[in-house]
Amino acid sequence: MTLTAGVVAVQGDVSEHADAVRRAGEACGRETEVVEVRTAGTVPDCDALLMPGGESTTISRLLWSEGIAEEIVDHVEAGKPVLATCAGLIVAAADAGDDRVRNLGAVDVTVERNAFGRQKDSFEAPLDVSGLDDPFPAVFIRAPVIADVGDDVEVLAEWDGRPVAVRDGPVVGTSFHPELTPDARLHDLALFEAMDGATHSEDREEPTPDR
Ligand code: GLN
């Protein structure tokens, strides 16, 4: 079965996510069609969604004005996987503590925008992620901190004692940018493994990082 992955493409790092999901698909032998989500009507045809980083105030404004926001909420309520990264996570969160961001409430976390930015605007860190055998090279760019997590949210990774990757039902959210490294394991974890419960079995091979 071909997986249709929609990359929310109203603003932000769209092509990097499209490439990463293709690589993750190839690594686990799944045919993947990538579509860009710019208007309403595309999300209902998607099996999985990617919400890229960029500028959360702009992304949320366009998602609501285009009528895409409600479709993403429906997608999540239907239990279909989403990977939301950086600004994508800020928009998907329950609360971003900023009136200019209208949240989707798809991930039960509270975030603080640019909270890692005060120390350093961007940095890379090897991150232990629950479900991955080896550390993941995480690129943080003016990243949000996940300040609070709801009861049903699983923390997948922490940096500096704070959650930076979480799972809430079908949604995986990261403060960092997994699409900016050649390593597609997080796309695999969030989208392909989630799509196919059977793939959690012992005999499934984790895609080898291509680096
Ligand atoms: N600082 C951005 C925001 O708050 C997010 C940065 C990113 O996605 N790399 O929207």
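See above for the structure.
Draft legend 1. The arrangement of the pattern of salt bridges in detail. With the rule as written, the count across this model stands at six salt bridges. Of the charged contacts, one joins Arg38 and Glu36 as a salt bridge, the two residues approaching to 2.3 Å between their closest N and O atoms. Glu55 is paired through a salt bridge with Arg113; the nearest N and O atoms lie 2.9 Å apart. With Glu55 in the loop between β3 (48–51) and α2 (56–65) and Arg113 in the loop between β6 (107–112) and β7 (122–127), this residue pair connects regions lying 58 residues apart in the sequence. The class of Glu55 is partly exposed, set by a relative accessible area of 28%. What you see here is one network of salt bridges that share partners, running through Glu55, Asp98, Arg100 and Arg113.

Draft legend 2. Highlighting the side chain of Ser175. Residue position: Ser175 is located in the loop between β12 (171–174) and α5 (185–195). A distance of 2.9 Å separates the side chain of Ser175 from the backbone oxygen of Pro144, its partner in a polar contact.

Draft legend 3. Structural view of helix α1 (residues 14–27). For α1, with 14 residues, the first-to-last C-alpha span of 20 Å sits near the 20 Å given by 1.5 Å per residue. Among the structural elements, β1 (3–8), β2 (32–37), β3, β4 (82–85) and α5 are those in contact with the buried residues of α1. Just downstream of α1, Gly29 is the residue with a positive phi angle, here 70 degrees.

Draft legend 4. Quick look at the sheet that holds β12. As summarised here, the arrangement of the seven strands in space is β2-β1-β3-β4-β12-β11-β10, forming an open sheet in which the pairing is mixed. Looking along the sheet, the strands with just one partner apiece sit at the ends: β2 and β10 (154–159). For this sheet the average axis-to-axis angle between neighbouring strands, irrespective of direction, equals 20 degrees. Bridge count for β3 against β4 is three bridges, and the pairing is parallel. The partner of Met51 across the bridge, within β4, is Ala84.

What counts, and at which threshold
- Residues numbered from 1 in each chain as written.
- Predicted model: local features only at pLDDT ≥ 70, side-chain atom pairs only at ≥ 80, totals over all residues.
- Heavy atoms only, no water.
- Salt bridge = Lys/Arg side-chain N within 4 Å of Asp/Glu carboxyl O.
- Helix = DSSP H or I, 4+ residues; strand = E, 2+ residues; numbered from the N terminus.
- Buried < 20%, exposed > 50% of the residue type's maximum accessible area, 1.4 Å probe, protein only.
- Polar contact = N/O pair within 3.5 Å; in protein donor to acceptor, adjacent residues only side chain to side chain.
- Expected span 1.5 Å × (residues − 1).
- Contact = heavy atoms within 4.5 Å.
- Pairing = 2+ DSSP bridges.
- Axes fitted to C-alpha atoms, helices over the stretch in contact; angles between N-to-C directions.

Spatial relationships are all this shows, so hold off on functional conclusions.
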